[in-house]
Amino acid sequence: MPELPEVETVKRSLEKHITGLTFSEIILIMPKIVKVPAPQSFTENVAGKKIKKIGRRGKYLLIHLSDNNTLVIHFRMTGRLVYSEPGTPPGKHTHAIFKFSNGYELHYSDIRQFGRISLVDTDKLDAAPGLKDLGVEPFSENFTREFLKRELKRRRTKIKPLLLDQTFIAGLGNIYADEALHRARLSPEKTASNLTTREIARLYPAIKDVLAEGIANRGTTFRDYVDGMGQAGSNQEALKVYDREGKPCLSCKTPIARIRLGGRSTYYCPKCQK
DNA sequence: CCGTAACCCTGCGTGC
DNA sequence: TGCACGCAGGGTTACG
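These lines cover the structure that appears in this document, whether it is placed above or below. Being a predicted model, the structure only gives us computed values, none of them experimental.

A closer look at the protein's contact with DNA strand C
- Within the structure, DNA strand C sits among 16 residues, and Lys59, Arg76, Arg112, Arg264 and Ser265 are positioned closest to it.
- Among atoms of DNA strand C positioned within 4 Å of the protein, sugar and phosphate together represent 51%.
- Breaking the surface near DNA strand C down by element, the ones donating at least two residues are β9 (257-261) and β10 (264-268).

Considerations on the protein's contact with DNA strand B
- Lining the immediate environment of DNA strand B, one finds Lys32, Lys92, His93, Ile111, Arg112, Gln113, Phe114, Arg155, Arg156, Thr157 and Lys158.
- Sugar plus phosphate, as a fraction of atoms of DNA strand B within 4 Å of the protein: 71%.
- Between a phosphate oxygen of DNA strand B and a main-chain N or O atom of Arg156, the distance comes to 2.5 Å.
- The side chain of Thr157 places a nitrogen or oxygen atom 2.4 Å from a phosphate oxygen of DNA strand B.
- By residue class, the composition of the surface near DNA strand B is two nonpolar, three polar and six charged.

Thoughts on unusual backbone geometry
- The linkage connecting Val36 with the following residue, Pro37, adopts the cis geometry, with an omega of -5°.
- Tracing the sequence through the fold places Pro37 in the loop between β1 (23-28) and α2 (39-46).
- Here Gln113, not a glycine, exhibits a phi torsion of approximately 65°, which is positive.
- For Arg218, which is not a glycine, the phi torsion comes out positive at approximately 60°.
- In this fold, Arg218 is placed in the loop between α6 (197-216) and β9.

Quick look at the sheet that holds strand β2 (residues 51-57)
- Reading across the sheet, the four strands line up as β2-β3-β4-β8 and stay open at both edges, with antiparallel pairing between neighbours. Either end of the sheet is taken by a strand with one partner, and the two such strands are β2 and β8 (116-121). When strand polarity is set aside, the average angle formed by the axes of neighbouring strands in this sheet is 20°.
- Pairing between strand β4 (residues 69-74) and β8: six bridges, direction antiparallel. The partner of Leu71 across the bridge, within β8, is Leu119.
- On top of the sheet, α2 reaches β3 (60-65), β4 and β8; it is set at about 65° to β8, its chief contact.

Some words on the sheet that holds strand β6 (residues 94-100)
- With antiparallel pairing, four strands are arranged side by side in an open sheet as β1-β6-β7-β5. Strands at the two margins of the open sheet, each flanked by one partner only, are β1 and β5 (79-84). Adjacent strand axes in the sheet meet at a mean angle of 15°, parallel and antiparallel pairs treated alike.
- With respect to the sheet, helix α1 (residues 4-18) is in contact with β5, β6 and β7 (105-110), its orientation differing from that of β5 by roughly 25°.
- Relative to the sheet, α2 contacts β1 and β6, its axis offset from that of β1 by approximately 160°.

A short note on the environment of Lys124
- When you line up the elements, Lys124 lands in the loop between β8 and α3 (145-153).
- Look at Lys124 and you get exposed, because its relative accessible area is 54%.

Regarding empty space enclosed by the protein
- Tallied over the entire structure, the rule returns one cavity of 30 Å³ or more.
- In this structure, the largest cavity encloses a volume near 50 Å³.
- Lining of the largest cavity is provided by Tyr176, Glu179, Arg183, Val210, Glu213, Asn235, Ala238, Leu239 and Lys240.
- Listing elements by their share of the lining of the largest cavity, those giving two or more residues are α5 (174-183) and α6.
- Tallying contributions element by element places α5 first for the lining of the largest cavity, with three residues.

Digging into the nonpolar core
- By size, the foremost hydrophobic cluster in this structure holds 38 residues, and its most contacted members are Leu148, Leu152, Ile169, Leu203 and Ile207.
- With eight residues, the top contributor of residues to this core is α6.
- The residues contacting Leu203, other than those within four sequence positions of it, are Leu148, Leu152, Ile159, Ala180, Leu181, Ala184, Leu186 and Leu195.
- Ranked by size, the runner-up nonpolar core spans 30 residues in total, among them Ile18, Leu71, Leu81 and Tyr225.

What counts as what
Residues numbered from 1 in each chain as written. Chains lettered and ligands numbered in written order. Predicted model: local features only at pLDDT ≥ 70, side-chain atom pairs only at ≥ 80, totals over all residues. Heavy atoms only, no water. Near = heavy atom within 4 Å. Helix = DSSP H or I, 4+ residues; strand = E, 2+ residues; numbered from the N terminus. Polar contact = N/O pair within 3.5 Å; in protein donor to acceptor, adjacent residues only side chain to side chain. Nonpolar A, V, L, I, M, F, W, Y, C, P; charged D, E, K, R; others polar. Pairing = 2+ DSSP bridges. Axes fitted to C-alpha atoms, helices over the stretch in contact; angles between N-to-C directions. Contact = heavy atoms within 4.5 Å. Buried < 20%, exposed > 50% of the residue type's maximum accessible area, 1.4 Å probe, protein only. 1 Å grid on protein atoms, 1.4 Å probe; cavity = no way out; pocket = protein on both sides within 12 Å on 5 of 7 lines; lining within 4 Å. Points joined across faces, edges and corners; volume = space filled by probe spheres on them. Core = buried A, V, L, I, M, F, W, Y, C linked by side-chain atoms within 4.5 Å.

Right under this line is the structure:
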């Protein structure tokens, strides 16, 4: 499931190949994946436009076009965007094909069909649905230890669900939230406002470190995730707790526990994480 | 404010 | 090439 490191890897792998290319034709196989505008308007407005720049905000991939519009793509769980050879046949779950004037194609596929694409005014990006309420970018200068401390102090929710809250920090998902808490040696059930200064001093770098490591390893591939060139990542080999229920903690050998928090599976070491 | 749950959807693991 | 069922998951929305 593409979280910040996976979307960042898609961005980096795609941008060197498609920046400057011009869309020639868009084939929308499954119209419902386009949120706004209406399907016909969408395909007409993307065709003929040149890609100016690729960006990312939280888990959203942003493809900025020459006419001051931006394609906003959210992959949810199983979405993929892969730069493909001319004439690549659509797969079973290919929902849109973006053809370039050089013959190459960008194939958007999504097994679960949860992902969505929008075309919005670049100047109004910050007000776009989904983007307008996004919280701080973990690698921005706004995300400081002091910010984290101040925000945690006024939240009475458990720390794990809070880390998943995109209006708080943008880009953390289930995998990296669990990994950050393990790295910081904090129980996912701890109430945010109860974290001590010392604990926050562990959590702050842990969040940035697990995300940076995920990017360095080109993302976590459990089943579906691939980058913009169709390549799997290797960060699954670096995970300490996620999807390791019953397996020994790599620090203390205690079996990794799995509980449910905020409706999500949560993996942690009951001994290391207090 | 906080927690829970339904919804969207398909593939996969499980039990028979 | 068995089949029915339930679960998983990100974000949004609804509800208590």
